[in-house]
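Observations on the three-dimensional arrangement
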Amino acid sequence: MDAGKMPRIVVPGDLLSEEPAKVGEGAYIEDGKVYASVYGVLDKKDRIRVIPLAGKYIPKRGDTVIGSVTEISFSNWILDIASPYEAYLHISEYPRRIEPGEMSKYIRVGDLIVATVLDVDWSMMVELTLRENQFKVLRGGRLLEISHTRVPRLIGRGGSMISMIKRESRCSIFVGQNGRVWLQGKPENMKLAAQAIEMVVREAHTPGLTNRVVEFLRANR
Amino acid sequence: MVDGVHTFFKDGLRLDGRRKDELRPIKIKAGVLKRADGSCYLEHGGNKIMAAVYGPREVHPRHLQHPTRAIVRYRYNMASFSVDERKRPGPDRRSVEISKISREAMESVVLKEQFPKTVVDVFIEVLQSDAGTRAAGINAAAVAMADAGIPMKGLVTACAAGKISGEVVLDLCKEEDNYGEADMPIAIVPRTGEITMIQMDGHMTFDEFREGLELALKGCRQIYELQREALIERYKSGVEGEE
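Residues numbered from 1 in each chain as written. Chains lettered and ligands numbered in written order. Predicted model: local features only at pLDDT ≥ 70, side-chain atom pairs only at ≥ 80, totals over all residues.

Attention now goes to the overall build of chain A. Tallying secondary structure elements over chain A gives 5 helices and 15 strands in all. The principal-axis extent of the C-alpha atoms belonging to chain A is close to 60 × 50 × 20 Å. Per-residue burial over chain A gives 38% buried out of 221 residues. The long-range share in chain A, meaning contacts at least 24 apart out of those at least 6 apart in sequence, stands at 57%. (Helix = DSSP H or I, 4+ residues; strand = E, 2+ residues; numbered from the N terminus. Buried ≥ 20, exposed ≤ 12 C-beta atoms within 10 Å, placed from the backbone. Contact = placed C-beta atoms within 7 Å.)

Here it is, written out as structure tokens:
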């Protein structure tokens with residue numbers, strides 16, 4: 001985000017450019033002109049795109065998400081990933097070789113896990129894998145759910161915002177692309193981190209946010 | 001039949017003091033419901049409308065889902081207390097018709113292919129009715145859908161024109177609608193000029209229809225600016241409903 005400059009909010013159908021240009025998410029081209037397709041913040045830095053202010057998380061290959069197990073079928077765990085689409089974790093994507101009968105020994109219904117999206121096909125069948133992360137079931141911490149549209153701001157450029165919050169609140173924090181955030185630490189620290197995260201979510205598009213969050217964390221430690 | 005000349009116009013002004021091409025006062029607020037993915041509260045004259053949008057989300061019942069795109073469901077409903085004579089709760093033939101045509105008015109702008117097998121649920125509750133509720137409902141629905149982050153080609157704006165005492169006017173109020181000669185609500189996509197809903201109740205000559213259409217288009221253009229403003233304001237003040 002440009003420091004100090006108020007961003008331009010656009011609404012679906014707003015004209016963004018009279019000439020054709022490269023477009024990213026949230027924008028489309030018709031008759032050689034570029035229009036906004038979502039309610040969001042205009043970003044012309046590279047391609048013309050609109051960063052949405054709202055919307056549901058749609059999984060894509062490579063995303064790391066936090067999922068909660070809702071069902072175990074004969075060879076898949078079925079997970080809720082805070083999306084209109086549910087996700088499948090096949091038994092072969094577990095880091096070790098296990099038998100179908102013992103699936104619930106390792107990951108039970110209700111467990112929270114971190115997984116990577118392996119593939120999303122044309123019918124929106126979402127496949128997850130555990131082979132790309134240090135796998136563990138998340139326990140003994142706190143889960144926050146925020147709008148996935150705020151995740152980039154929460155992470156910050158090169159991870160700057162989230163590293164700062166981790167450091168100042170003394171918590172371990174993991175941010176899933178699907179808007180789920182896992183906190184781990186002492187209860188009062190997790191509470192502080194949660195408040196800082198809520199502040200980022202509320203004021204995501206205002207300038208000077210990072211400094212205000214640092215000040216807040218230091219003042220309330 | 002009421003004697004139009006003496007009842008509808010006085011000194012060139014209408015019953016509520018408006019000129020023939022003037023809209024009633026409109027207020028629009030986006031993001032007013034915490035639970036809904038998108039919402040809008042809209043007032044237009046005496047109309048008070050609440051719109052809530054959920055989605056895209058999983059379709060229940062499953063057999064309604066479409067394999068390659070989202071579907072849109074639209075429910076227009078009048079609260080029992082929205083009219084003078086208590087309206088019995090639940091859909092009646094008029095509500096079902098309005099729901100259908102409103103859905104058709106909105107559907108064409110939604111970029112449905114981005115969300116296969118899901119549904120966008122739109123709920124319009126009329127809390128107080130004062131003629132022109134279906135147009136007000138569509139205006140609120142468009143803002144609520146944008147507020148929910150639903151990708152669309154553009155917003156949809158609706159407005160009604162009508163005929164009273166042989167004169168074509170914009171935006172009928174309740175008395176003008178009940179005792180007038182024609183009522184014509186239309187909905188357009190201001191970005192493209194496409195008409196996505198047009199209905200007529202009453203009688204108009206072709207020239208009167210042309211005049212009514214022109215007036216309604218002008219009205220829509222004004223309302224469109226208010227819809228945009230409501231969305232831009234919402235962000236500036238960070239209203240509740242924001243997570």
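Each side of the interface is counted separately: chain B has 28 residues, and chain A has 20 residues. Looking at the side of chain B that touches chain A, the elements that each hand over two or more residues are strand E5 (47-58), helix H3 (133-147) and helix H5 (206-237) of chain B. The biggest single contributor to the side of chain B that touches chain A is H5(B), with 4 residues. Residue classes in the side of chain B that touches chain A are distributed as 14 nonpolar, 5 polar and 9 charged. (Nonpolar A, V, L, I, M, F, W, Y, C, P; charged D, E, K, R; others polar.)

What follows deals with the nonpolar core. Ranked by size, the top nonpolar core spans 88 residues in total, and within it B:Ala51, B:Met106 and B:Val122 carry the most contacts. In terms of residue count, H3(B) provides more of this core than any other element does, 10 residues in total. In this structure, B:Val122 is in contact with B:Ala51, B:Val53, B:Val72, B:Arg73, B:Tyr74, B:Met106, B:Ala141 and B:Met145, ignoring residues within four places of it in sequence. Among the nonpolar cores identified, the runner-up in size contains 22 residues, and A:Met161, A:Val175, A:Ala196 and A:Val201 belong to it. (Core = buried A, V, L, I, M, F, W, Y, C linked by C-beta atoms within 7 Å.)

Residue and element names in this part refer to chain A. In the contact formed by helix H3 (residues 160-169) and helix H5 (residues 209-219), the axes pass within 10 Å of each other and the chain directions differ by 10°. In terms of their interaxial angle, H3 and H5 are classed as roughly parallel. For the pair formed by H3 and H5, the contact residues are Met-161, Met-164, Ile-165, Glu-168 and Ser-169 on the first element and Thr-210, Val-213, Val-214, Leu-217 and Arg-218 on the second. Looking at the contact of H3 with H5 residue by residue, the classes come out as 6 nonpolar, 2 polar and 2 charged. (Axes fitted to C-alpha atoms, helices over the stretch in contact; angles between N-to-C directions. Parallel < 35°, antiparallel > 145°, perpendicular 65-115°, else oblique.)

It is worth spelling out the sheet that holds strand E14 (residues 172-175) of chain A at this point. All names here are of chain A. The strand order E13-E15-E14 describes an open sheet built from 3 strands, whose pairing is antiparallel. Whereas interior strands pair on both sides, the edge strands pair on one side only; in this sheet they are strand E13 (142-145) and E14. Averaged over all adjacent pairs, the angle separating strand axes in this sheet is 20°, with direction ignored. Of the pairings in the sheet, the one linking E13 to strand E15 (residues 180-184) comprises 4 bridges and is antiparallel in character. Residue Leu-144 lies in a different strand from E15, and its bridge partner there is Val-181. (Pairing = 2+ DSSP bridges.)

Here the focus is the domain arrangement of chain A. Residue and element names in this part refer to chain A. Its domain assignment divides chain A into domain 1 (9-52), domain 2 (64-138) and domain 3 (142-219). Taken over C-alpha atoms, the centre of domain 2 sits 26 Å from the centre of domain 3. Between domain 2 and domain 3, the contact holds 9 residues from the first and 9 residues from the second. Element by element, the count of residues in the side of domain 2 that touches domain 3 is highest for strand E7 (residues 64-72), at 3 residues. The residue inventory of the side of domain 2 that touches domain 3, partitioned by class, reads 7 nonpolar, 2 polar and no charged. (Domains from an automatic or database assignment.)

All names here are of chain A. Structurally, Glu-86 is set in the loop between strand E8 (76-80) and strand E9 (87-90). Along the chain, Glu-86 and Gly-32 lie 54 residues apart, while their C-alpha atoms are 37 Å from each other. In this structure, Glu-86 is in contact with Ile-78, Leu-79 and Asp-80, ignoring residues within four places of it in sequence.

So, on to the UniProt feature "domain: Exoribonuclease phosphorolytic" (unreviewed entry) in chain B. Residues and elements named next belong to chain B. Sites flagged by UniProt as "domain: Exoribonuclease phosphorolytic" (unreviewed entry) map to residues 22-151 and 155-219. Taken end to end, residues 22-151 has its terminal C-alpha atoms 32 Å apart, with 23% of it in helix and 33% in strand. Counting secondary structure, residues 155-219 comes out at 31% helix and 42% strand; the distance between its end C-alpha atoms is 15 Å. (UniProt positions renumbered as here; feature names shortened; annotations may be inferred.)

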